[in-house]
Every structure is written in structure tokens, then in C-alpha cells.
Amino acid sequence: MDRASIFEKLTEVFQDVFDDDSIALTDDTTAADIEDWDSLTHITLLATVEEEFGMKFSMKAVQGMKNVGEMVDLIAAAV
């Protein structure tokens, strides 16, 4: 799966989790860029991403993730 396909699918996940169809992701998108992205929503988001892409993030990967671009890289490596 290429980065564009991952971004497309990931954008749908973000829009669903945050109930906001206006969300447009970039490599540099962070929690600070999305109003309702708090620690509880972060857990829901990660679980939904794992389910959608059929993969699991390691705890180390989750702790080191700084932006959506890094999340895309981790997904690309796993699928």
C-alpha cells in the first residue's frame, strides 16, 4: 500500500474518530492541529487505525510518534 492510499484511508479514520469531515491530514499534522485530540481520543484513534489497517503499533513506536507522517511510515512498514 502506497503513502497516498494510506493517507486517504487514514483521513477517513480521523474524520470518523473526531466526527469532523473537514480534517485534512499532512505529514506534519499533530495533536495540536486537531481540536478534540486528547489522550483519551488518542487511544481510540490508535485502536481504530490498528483495526482498519490490520496491524498493531508497538508501545515504543507509539511513544516516539511525533506526527501523522510518522504514523503513515509505521503503517506502511507493517502492511
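Scroll up for the structure.
Only a predicted model underlies this, so the values are computations on that prediction, with no experimental measurement involved.

### Describing the overall build of the chain
When you go through the chain residue by residue, the secondary structure sums to four helices and zero strands. In sequence order, the secondary structure elements of the chain are arranged as α-α-α-α. Taking 12 Å as the expected radius of gyration for a compact globule of 79 residues, we find that the chain reaches 11 Å, a close match to that expectation. Residues counted as buried form 37% of the 79 residues belonging to the chain. By sequence separation, contacts in the chain at least 24 residues apart represent 53% of the contacts at least 6 residues apart. Approximately 4,900 Å² of the chain is accessible, and the part contributed by carbon and sulfur atoms is 49%. Taking the 5 positively charged and 18 negatively charged side chains of the chain as two groups, their mean positions are separated by 13 Å.

### A few points about the packing of helix α1 (residues 3-17) against helix α2 (residues 39-53)
Between α1 and α2, the shortest axis-to-axis distance is 10 Å and the interhelical angle comes to 140°. Between α1 and α2, the angle falls in the class oblique. Classified by chirality, the crossing of α2 by α1 is right-handed. Within the contact between the two elements, α1 uses Ile-6, Lys-9, Leu-10, Val-13, Phe-14 and Val-17 and α2 uses Thr-41, Thr-44, Leu-45, Thr-48, Val-49, Glu-52 and Phe-53. Grouping the amino acids of the contact of α1 with α2 by side-chain chemistry returns eight nonpolar, three polar and two charged.

### Some points on the pattern of salt bridges
In the structure shown here, the tally under the stated rule is three salt bridges. A salt bridge links Asp-73 to Arg-3, with the nearest nitrogen and oxygen atoms 2.3 Å apart. With a gap of 70 residues between them, Asp-73 in helix α4 (residues 68-78) and Arg-3 in helix α1 connect regions that are remote in the sequence. Here the salt bridges do not stand alone but share partners, grouping Arg-3, Asp-27 and Asp-73 into one network.

### Let's talk about the side chain of Gln-15
Tracing the chain through its elements places Gln-15 in helix α1. One polar contact links the side chain of Gln-15 to the main-chain carbonyl oxygen of Asp-21, over a distance of 3.1 Å. With sequence-adjacent residues up to four places away left out, Gln-15 is seen in contact with Asp-20, Asp-21 and Ile-23.

Each value, and the rule that gives it
Residues numbered from 1 in each chain as written. Predicted model: local features only at pLDDT ≥ 70, side-chain atom pairs only at ≥ 80, totals over all residues. Heavy atoms only, no water. Helix = DSSP H or I, 4+ residues; strand = E, 2+ residues; numbered from the N terminus. Rg over C-alpha atoms; globule rule 2.2 N^0.38 Å. Buried < 20%, exposed > 50% of the residue type's maximum accessible area, 1.4 Å probe, protein only. Contact = heavy atoms within 4.5 Å. Areas by Shrake-Rupley, 256 points an atom, 1.4 Å probe, with all protein chains shown as cover. Lys, Arg positive; Asp, Glu negative; His and termini not counted. Charge placed at Lys NZ, Arg CZ, Asp CG, Glu CD. Axes fitted to C-alpha atoms, helices over the stretch in contact; angles between N-to-C directions. Parallel < 35°, antiparallel > 145°, perpendicular 65-115°, else oblique. Left-handed = near helix turned anticlockwise from the far one by under 90°. Nonpolar A, V, L, I, M, F, W, Y, C, P; charged D, E, K, R; others polar. Salt bridge = Lys/Arg side-chain N within 4 Å of Asp/Glu carboxyl O. Polar contact = N/O pair within 3.5 Å; in protein donor to acceptor, adjacent residues only side chain to side chain.

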